[in-house]
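# Fold and geometry: a report
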Protein chains: 4
Amino acid sequence: MDYQSILNEIYDEIQPHLDEGKVADYIPALAKVDKSQFAMTVTLGDGSSYSVGDYEKRFSIQSISKVFTFTLALKIYSKALYHRVGVEPSGNPFNSLVQLEYEFGKPRNPFINAGALVITDSLISHYKDNYNALEAILNFIRDITDDKSICFDAEVAYSEMEHGDRNLSLAYLMKSFNNFENSVEDTVMTYFKHCAVKMNTQELSRSFLYLAFDGKDPISEKEFISQSQTRRINAVMLTCGHYDASGEFAFHVGLPAKSGVGGGIAAVVPGKMSIAVWSPALNRYGNSHAGTIALELFTQKSGVSIF
Amino acid sequence: MDYQSILNEIYDEIQPHLDEGKVADYIPALAKVDKSQFAMTVTLGDGSSYSVGDYEKRFSIQSISKVFTFTLALKIYSKALYHRVGVEPSGNPFNSLVQLEYEFGKPRNPFINAGALVITDSLISHYKDNYNALEAILNFIRDITDDKSICFDAEVAYSEMEHGDRNLSLAYLMKSFNNFENSVEDTVMTYFKHCAVKMNTQELSRSFLYLAFDGKDPISEKEFISQSQTRRINAVMLTCGHYDASGEFAFHVGLPAKSGVGGGIAAVVPGKMSIAVWSPALNRYGNSHAGTIALELFTQKSGVSIF
Amino acid sequence: MDYQSILNEIYDEIQPHLDEGKVADYIPALAKVDKSQFAMTVTLGDGSSYSVGDYEKRFSIQSISKVFTFTLALKIYSKALYHRVGVEPSGNPFNSLVQLEYEFGKPRNPFINAGALVITDSLISHYKDNYNALEAILNFIRDITDDKSICFDAEVAYSEMEHGDRNLSLAYLMKSFNNFENSVEDTVMTYFKHCAVKMNTQELSRSFLYLAFDGKDPISEKEFISQSQTRRINAVMLTCGHYDASGEFAFHVGLPAKSGVGGGIAAVVPGKMSIAVWSPALNRYGNSHAGTIALELFTQKSGVSIF
Amino acid sequence: MDYQSILNEIYDEIQPHLDEGKVADYIPALAKVDKSQFAMTVTLGDGSSYSVGDYEKRFSIQSISKVFTFTLALKIYSKALYHRVGVEPSGNPFNSLVQLEYEFGKPRNPFINAGALVITDSLISHYKDNYNALEAILNFIRDITDDKSICFDAEVAYSEMEHGDRNLSLAYLMKSFNNFENSVEDTVMTYFKHCAVKMNTQELSRSFLYLAFDGKDPISEKEFISQSQTRRINAVMLTCGHYDASGEFAFHVGLPAKSGVGGGIAAVVPGKMSIAVWSPALNRYGNSHAGTIALELFTQKSGVSIF
């Protein structure tokens with residue numbers, strides 16, 4: 001299959017859609033991003049990769065980082081993790097407190113904000129303090145990307161904290177149900193830092209390769225997580241990776257994937273490849289508008305699907 | 001792969017679990033079923049099939065019939081169907097009215113009761129009356145199963161109607177939001193009739209084969225629905241096929257599947273096979289207890305997974 | 001106190017408000033009512049009464065009839081009634097199913113639709129069939145009004161039934177929780193009939209006098225209900241008489257009162273008087289717009305308040 | 001009326017109920033209170049007062065303090081206060097976040113926790129900082145009680161703060177909706193301090209007298225708030241004073257009243273008297289068990305009621 005041609009076609013077809021949607025504007029650091037940008041990279045198991053657009057430009061991966069922290073926590077806690085967070089779709093927006101109150105402070109899944117906060121909290125408990133936990137998260141991302149230069153954008157992280165009231169509210173609610181172990185402020189700050197990691201689509205696509213190959217990086221041959229755990233992470237991405245548009249995304253794209261409010265989406269075709277796409281304008285569910293369309297075009301043109 | 005040996009192993013390993021769970025007891029016709037029963041069939045694309053247990057014994061397929069009515073309605077209405085029913089997981093029990101009220105009478109997906117009722121209603125509108133609609137549904141099931149003897153159990157259907165208050169409530173609520181076109185009583189009765197269809201695991205497995213092969217029966221070579229629509233049906237089964245345990249099921253089994261309160265579950269491995277399992281005792285989510293375990297064992301032993 | 005002058009002042013001051021609000025338009029029989037109409041009557045314990053406006057024109061009392069059916073059911077069942085219906089404000093719109101599902105089919109209070117349906121159902125059980133129950137309700141209203149000519153408007157009742165899907169849904173939901181004893185259709189029809197009773201403000205004010213005088217009509221000296229039960233009916237009117245605007249009404253008007261979608265409101269000043277007001281245009285909570293203002297003006301001008 | 005005899009009778013009749021219910025145990029300072037205690041005081045407009053039991057023993061007034069902060073904020077902001085907090089019963093527990101999220105951070109009324117936090121926040125804004133605000137609140141309570149010795153229990157306040165996660169969550173949620181102006185931690189601390197005010201039933205009864213006499217203390221003749229605002233405070237107490245048991249309380253007791261988790265309840269009979277009762281064991285709604293019964297006995301024996 002000529003992936004480069006497919007990406008080139010997508011690049012042309014996506015142009016009229018770059019004007020649509022709306023860049024996240026709740027913090028200045030994200031609001032000032034130019035919405036006409038677009039990048040896409042496909043990485044195969046043999047290490048070959050194909051890119052189009054602004055694929056060398058790093059962006060804020062935001063919620064995509066939740067896949068990395070979930071992987072790390074699953075590796076550490078295994079099944080015990082599910083005492084603190086579930087694996088069901090929530091059917092509600094990413095930052096809703098309603099279900100969390102009805103369900104006694106146990107978040108539905110690791111990809112809604114409450115779930116990701118609990119995961120970060122569990123990592124801080126394991127690594128003893130928030131500095132060590134953040135370092136472990138960053139090193140894990142550097143490992144799977146095979147790139148030591150990955151870092152986070154402090155301006156974005158602190159800017160998020162200034163607008164972090166909803167996440168503080170979620171964390172305190174979980175604390176009131178005894179499902180939070182560390183300082184709420186420190187944990188939310190650590191969460192914002194790992195969300196502020198910057199990657200380009202080449203790096204992001206590379207970093208997801210282990211999820212397409214049963215937990216083992218087919219290039220470095222490092223095993224990051226077991227086959228069975230990998231399949232479960234992919235299952236949770238499929239059912240919960242796009243908040244209350246997860247069903248729509250599975251329906252239209254048909255691949256396990258995770259999106260971030262910075263406009264990135266990372267997806268896997270099990271046994272075959274990983275894909276990263278970026279375009280900053282979002283649809284009404286908070287997922288990249290052009291990115292979602294690009295992934296749907298890719299599955300149509302390449303025929304890949306898990307279904 | 002020696003599927004017969006795998007099924008035999010599963011049969012042995014499942015025995016201690018047949019005592020667990022609880023048979024549906026809301027109607028006498030289902031309550032009297034012996035819970036020690038178990039059957040499983042795998043059907044491959046070449047028509048070969050492997051079975052174990054009570055695989056010739058027919059049971060009430062119940063909600064599994066929603067996959068057939070969804071297929072039929074999707075064939076007829078195509079995208080227009082989505083004006084009346086969504087494709088998102090609901091995050092709520094199968095018969096909840098809460099979300100339906102908040103979302104103005106549009107059910108989240110075709111597999112919760114409200115969604116399936118709207119689908120049945122749409123079929124009655126298309127086929128002009130409830131008798132024709134039921135006949136069309138039965139004939140479609142006979143076609144995909146390649147078996148003219150498929151029929152429904154009238155005793156079960158009328159017994160359901162006697163306990164049908166919740167479904168009548170759901171239908172009237174949708175009617176109050178103008179999302180119901182035909183007589184509520186007639187439609188609910190037709191719905192109970194197609195839910196009361198009886199099949200054994202051999203027949204059920206056979207009937208799902210078109211979903212494993214892009215909409216086309218690989219044996220008869222009849223095309224029932226397009227590749228793209230097939231993938232979408234499978235995606236909805238994965239995200240919404242097991243009510244508020246859909247995430248758990250995707251997580252543990254990793255296959256598109258649909259369960260019914262009669263204890264049946266039908267699953268597909270795209271490009272490879274379809275699987276049916278039956279055991280009447282249910283877990284707390286209303287899905288077959290032993291059936292769910294058997295499918296998890298099958299994926300572990302055979303290594304099949306979409307992830 | 002010169003009540004006639006107060007009413008005359010209110011009549012003048014209310015004129016500019018008669019254009020505001022919106023007549024109930026969900027059934028033709030109510031939609032065609034001229035919104036410029038206004039009437040108000042005050043009846044004192046000595047039988048003297050003061051009126052202004054269209055006080056001889058009968059209108060559909062609608063939900064105000066729920067006070068009469070509640071009185072009758074309380075007389076019959078006493079405390080046992082509270083097994084089937086509560087006395088708490090619902091905090092939700094009058095026809096919501098959400099709380100009813102969460103609270104297992106027991107309505108919050110007798111004045112939301114679900115509660116009033118259960119009350120009607122209990123009266124049908126007591127009087128053996130729906131005809132007798134309706135007759136008993138009508139006779140009770142005739143008794144407290146001391147007027148044999150009170151009747152209901154069949155056109156309104158049947159027109160309601162044609163748009164009765166939401167109420168049928170509520171009733172079937174309660175039936176699914178075993179909190180409904182009689183035929184859903186017959187009971188809903190009986191409910192619509194007692195809601196379609198027609199009274200003018202003179203009659204309505206007269207009919208509420210027993211609630212201002214501890215359950216005993218001070219004119220006829222008939223005792224309709226005990227002092228303690230009367231106080232409880234008044235308490236429920238105050239906390240629940242205006243759906244999700246009950247707090248606002250208590251706050252602004254400060255009297256136990258019940259409104260109907262036909263534009264009527266009946267209120268009591270315990271130990272002193274009963275008041276009826278009518279103006280068909282409704283505010284956004286479904287209560288008479290001018291009627292609410294008129295009652296607030298009356299309490300300001302007369303100084304009456306329970307607080 | 002011989003109030004002393006009525007109180008003596010109640011004292012005897014209440015004894016068997018003192019064993020029932022459960023003392024608030026979420027903080028040690030409250031958990032250690034002896035549940036057999038009981039006190040009741042009635043204060044008339046002429047300054048005469050009647051007491052029974054432990055009426056000189058101060059207890060934590062907790063949520064009863066919300067009546068005082070509401071009065072103060074209403075005096076300062078008048079109608080503008082209602083942009084930030086409503087006057088409707090919530091129909092939900094006192095610390096629920098559900099409604100607050102659905103209603104965009106505007107609490108239903110000033111007596112649920114969220115509403116009281118917004119009121120405290122508004123007072124801090126007015127008095128420039130939390131120290132001045134607390135001083136103003138304490139001085140207001142000293143004024144209406146005519147007792148300079150009223151103070152708060154610092155141990156209780158700091159103990160509450162250690163278990164204050166739910167309130168911090170509520171405050172951050174409102175902040176995320178821009179309905180919170182000051183530091184969340186400082187405001188919640190100030191809130192806990194005014195909740196920790198200690199009074200005995202003599203003092204508490206005295207402090208509520210202005211609410212029974214149109215906002216004017218009949219003894220000192222000081223006017224604390226207007227007649228119209230007083231009536232509205234009383235209306236909100238009646239409809240919202242007891243969380244999700246407000247309807248039950250209005251139904252059984254029939255007086256505007258406010259309860260606190262420390263076991264106190266203060267009530268008013270407009271134009272006649274104020275009443276305070278204390279007994280630390282709570283019913284399942286968090287209101288004093290024996291206190292509620294004592295007030296119901298008082299209304300039966302004395303015949304007072306607003307209905």
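Residues numbered from 1 in each chain as written. Chains lettered and ligands numbered in written order. Predicted model: local features only at pLDDT ≥ 70, side-chain atom pairs only at ≥ 80, totals over all residues.

## Brief notes about the overall build of chain A
This is how it is decided: Runs of E in the DSSP output that reach at least two residues are strands. Runs of H or I that reach at least four are helices, and both are numbered from the N terminus. As defined in this context, the radius of gyration uses C-alpha atoms, and a globule is described by 2.2 Å times the residue total to the power 0.38. Counting other C-beta atoms within 10 Å of its own, a residue is labelled buried from 20 upward, exposed at 12 or fewer, and partly exposed in the gap between, with every C-beta atom placed from the backbone.
The secondary structure content of chain A amounts to 14 helices and 10 strands. By the compact-globule yardstick of 19 Å for 307 residues, chain A fits well, its C-alpha radius of gyration being 18 Å. The principal-axis extent of the C-alpha atoms belonging to chain A is close to 55 × 40 × 35 Å. Scored against the burial criterion, the 307 residues of chain A give a buried share of 62%.

## Observations concerning the relation of the copies chain C and chain D
As a reminder of what qualifies: The least-squares superposition of copies is restricted to C-alpha atoms, and to residues with a pLDDT of at least 70 in both copies. Note that contacts rest on C-beta atoms placed from the backbone: two residues are in contact if these are within 7 Å.
For the pair chain C and chain D, the superposition axis carries a translation of 0.0 Å, the fit reaches an RMSD of 0.0 Å, and the rotation angle comes to 180 degrees. In short, the pair behaves as if placed about a two-fold rotation axis. Interface overlap between copies: 100% of the residues of chain C at the interface are likewise at the interface in chain D, consistent with a symmetric, same-surface contact.

## Here we look at helix 14 (residues 289-302) of chain A
Residues and elements named next belong to chain A. Keep this limit in mind: The length a helix should cover is 1.5 Å for every residue beyond the first.
Here helix 14 is 14 residues long and its end C-alpha atoms lie 20 Å apart, about the 20 Å a rise of 1.5 Å per residue gives. Taken residue by residue, helix 14 has His 289, Ala 290, Gly 291, Thr 292, Ile 293, Ala 294, Leu 295, Phe 298 and Thr 299 as its buried positions. Following helix 14 by one or two positions, Gly 303 has its phi on the positive side, about 80 degrees.

## A look at the sheet that holds strand 5 (residues 151-152) of chain A
Here is the rule: Two strands are said to pair when DSSP picks up at least two bridges between them.
Read from one edge to the other, the open sheet built from three strands follows the order 4-6-5 (chain A), with strand pairing classed as antiparallel. Both outer strands of the open sheet, strand 4 (59-60) and strand 5 of chain A, are each paired with one neighbouring strand and no more.

## With respect to the interface of chain A and chain B
Operational definition: Under the grouping applied here, Gly and all other residues not named as nonpolar or charged are polar, the nonpolar ones being Ala, Val, Leu, Ile, Met, Phe, Trp, Tyr, Cys and Pro and the charged ones Asp, Glu, Lys and Arg.
On the chain B side, the residues contacting the 27 residues of chain A number 27 residues. Listing elements by their share of the side of chain A that touches chain B, those giving two or more residues are helix 12 (227-240) and helix 13 (246-252) of chain A. Element by element, the count of residues in the side of chain A that touches chain B is highest for helix 12 of chain A, at eight residues. The class makeup of the residues in the side of chain A that touches chain B is 12 nonpolar, 10 polar and five charged.

## Quick notes on the packing of helix 3 (residues 65-77) of chain A against helix 5 (residues 113-126) of chain A
To characterise two packed helices, one gives the angle between the axes of the helices and the distance between these axes. Residue and element names in this part refer to chain A. What counts, and what does not: Every axis corresponds to a line fitted to the C-alpha atoms, with the helix fit spanning only the stretch in contact, and the corresponding angles, defined between N-to-C directions, vary from 0 to 180 degrees. An angle counts as roughly parallel when it lies under 35 degrees, as roughly antiparallel when it exceeds 145, as roughly perpendicular when it falls between 65 and 115, and as oblique in every other case. Two helices that cross are described as forming a left-handed crossing if the nearer one is turned anticlockwise from the farther one by less than a right angle, and a right-handed crossing if clockwise.
Two numbers describe how helix 3 lies on helix 5: the axes approach to 9 Å, and their chain directions differ by 50 degrees. One element, helix 3, and the other, helix 5, form an angle in the oblique class. Read as a crossing pair, helix 3 and helix 5 show a hand that is left-handed. Contacts between helix 3 and helix 5 involve Lys 66, Thr 69, Phe 70, Leu 72, Ala 73, Ile 76 and Tyr 77 from the former and Ala 116, Ile 119, Thr 120, Ser 122, Leu 123 and His 126 from the latter.

## Points about the sheet that holds strand 7 (residues 264-269) of chain D
Residue and element names in this part refer to chain D. An order of 3-2-8-7-6 is seen for the five strands of this open sheet, with the pairing classed as antiparallel. On the outer flanks of this sheet lie strand 3 (49-53) and strand 6 (257-259), each paired with one strand and no other. When the angles between neighbouring strand axes are averaged without regard to direction, this sheet yields 10 degrees. Looking at chain direction, strand 2 (residues 39-44) and strand 8 (residues 273-278) are connected through six bridges and run antiparallel. The residue of strand 8 that forms the bridge with Thr 43 is Ser 274.

## Some words on the pairing of strand 2 (residues 39-44) of chain B
Residue and element names in this part refer to chain B. The buried fraction of strand 2 is high, at five of six residues. Taken together, the five bridges between strand 2 and strand 3 (residues 49-53) define a ladder with antiparallel strand orientation. Across the sheet, Thr 41 pairs through a bridge with Ser 51, a residue of strand 3. What sits between the antiparallel neighbours strand 2 and strand 3 is a turn of four residues, in which Gly 47 has the positive phi angle 95 degrees.

## Notes on the environment of Leu 173 of chain D
The topology assignment puts Leu 173 of chain D in helix 8 (residues 165-176). On a C-alpha basis, the gap between Leu 173 of chain D and Glu 160 of chain D in space is 19 Å, while along the polypeptide they are 13 residues apart.

## Things to note about the arrangement of the chains
Between chain A and chain C there is no contact, and the shortest C-alpha to C-alpha distance separating them is 11 Å. When C-alpha atoms are compared, chain B and chain D, though not in contact, are closest at a spacing of 11 Å.

## A closer look at unusual backbone geometry
The backbone phi angle of Phe 104 of chain A is positive, close to 60 degrees, even though this residue is not glycine. Mapped onto the elements of the fold, Phe 104 of chain A is located in the loop between helix 4 (98-102) and helix 5. Of the residues examined, Phe 104 of chain A has 11 C-beta atoms within 10 Å and is grouped as exposed. In this model, Tyr 243 of chain C sits at a positive phi of 55 degrees, which is unusual for a non-glycine residue. You can see Tyr 243 of chain C is positioned in the loop between helix 12 (227-240) and helix 13 (246-252).

## Topic: the interface of chain C and chain D
Taken together, the contacts link 27 residues of chain C with 27 residues of chain D. Of all the elements in the fold, those that place two or more residues in the side of chain C that touches chain D are helix 12 and helix 13 of chain C. No other element matches helix 12 of chain C, which puts eight residues into the side of chain C that touches chain D.

## A word on the environment of Ala 276 of chain C
Within the secondary structure, Ala 276 of chain C is located in strand 8 (residues 273-278). Excluding its chain neighbours within four sequence positions, the residues that come into contact with Ala 276 of chain C are Thr 41, Thr 201, Leu 204, Ser 205, Phe 208, Gly 264 and Ala 266 of chain C.

## Things to note about the confidence of the model for chain A
Going by this rule: Looking at any residue, its pLDDT shows the predictor's confidence there, from 0 to 100.
Taken over all residues, the pLDDT of chain A has a mean of 95, while the share at 70 or more is 100%. Both scores are available for the predicted complex, with the pTM at 0.93 and the ipTM at 0.92.

## Let's talk about the pairing of strand 7 of chain D
Residues and elements named next belong to chain D. Burial within strand 7 is extensive, with six of its six residues counted as buried. Neither face of strand 7 is left uncovered, since the one carrying Gly 264, Ala 266 and Val 268 and the one carrying Ile 265, Ala 267 and Val 269 both have all their residues buried. Pairing analysis gives three bridges linking strand 6 to strand 7, with the strands arranged antiparallel. Across the sheet, Lys 258 pairs through a bridge with Ala 266, a residue of strand 7. Connecting strand 6 to the antiparallel partner strand 7 that follows it, the hairpin turn spans four residues, and Gly 263 within it adopts a positive phi of roughly 100 degrees. Pairing geometry for strand 7 and strand 8, over six bridges, is antiparallel.

## Overview of the packing of helix 8 (residues 165-176) of chain B against helix 9 (residues 184-195) of chain B
Residue and element names in this part refer to chain B. Where helix 8 meets helix 9, the closest approach of the two axes is 10 Å, and the angle between their N-to-C directions is 130 degrees. One way to sum up the angle between helix 8 and helix 9 is to call them oblique. Relative to helix 9, helix 8 is oriented so that their crossing is right-handed. Packed against helix 8, whose contacting residues are Asn 167, Leu 168, Ala 171, Tyr 172 and Lys 175, the element helix 9 presents Val 184, Thr 187 and Val 188 at the interface. Residues of the contact of helix 8 with helix 9, tallied by class, amount to five nonpolar, two polar and one charged.

## Comments concerning helix 7 (residues 154-162) of chain B
Residues and elements named next belong to chain B. Going by this rule: To obtain the arc, one takes the directions from the helix axis to the C-beta atoms.
Buried residues of helix 7: Val 156, Ala 157 and Glu 160, and no others. Burial along helix 7 is one-sided: seen end-on, the buried residues are contained in an arc of 100 degrees. Exposed residues on helix 7 whose side chains face more than 90 degrees from its buried face are Ala 154, Glu 155 and Glu 162. For helix 7, the elements touching its buried residues are helix 2 (28-31), strand 4 (59-60), strand 5 (151-152) and helix 9.

## Here we look at the domain arrangement of chain A
When the parts come together, some accessible area is lost, and that loss is often what is quoted as the size of the interface. All names here are of chain A. In plain terms, the rule: Bear in mind that the domain bounds are from an automatic or database domain assignment.
For chain A, the assigned domains are domain 1 (3-60 + 199-302) and domain 2 (63-195). Using C-alpha coordinates to define each centre, domain 1 is positioned 21 Å away from domain 2. With 32 residues of domain 1 in contact, the opposing surface of domain 2 contributes 30 residues. Of all elements in the fold, only helix 2 (28-31), helix 10 (201-207), helix 12, strand 7 (257-259) and strand 8 (264-269) reach the threshold of two or more residues within the side of domain 1 that touches domain 2. Broken down by element, the residue count for the side of domain 1 that touches domain 2 peaks at six residues, all from helix 12. Broken down by class, the residue content of the side of domain 1 that touches domain 2 amounts to 16 nonpolar, 11 polar and five charged.

## Things to note about the environment of Ser 220 of chain B
Residues and elements named next belong to chain B. For Ser 220, the position within the fold is in the loop between helix 11 (209-212) and helix 12 (227-240). Looking at Ser 220, the number of C-beta atoms within 10 Å reads 14, which means it is partly exposed. Expressed as a C-alpha distance, the spacing of Ser 220 and Gly 47, which sit 173 residues apart in the sequence, is 9.5 Å.

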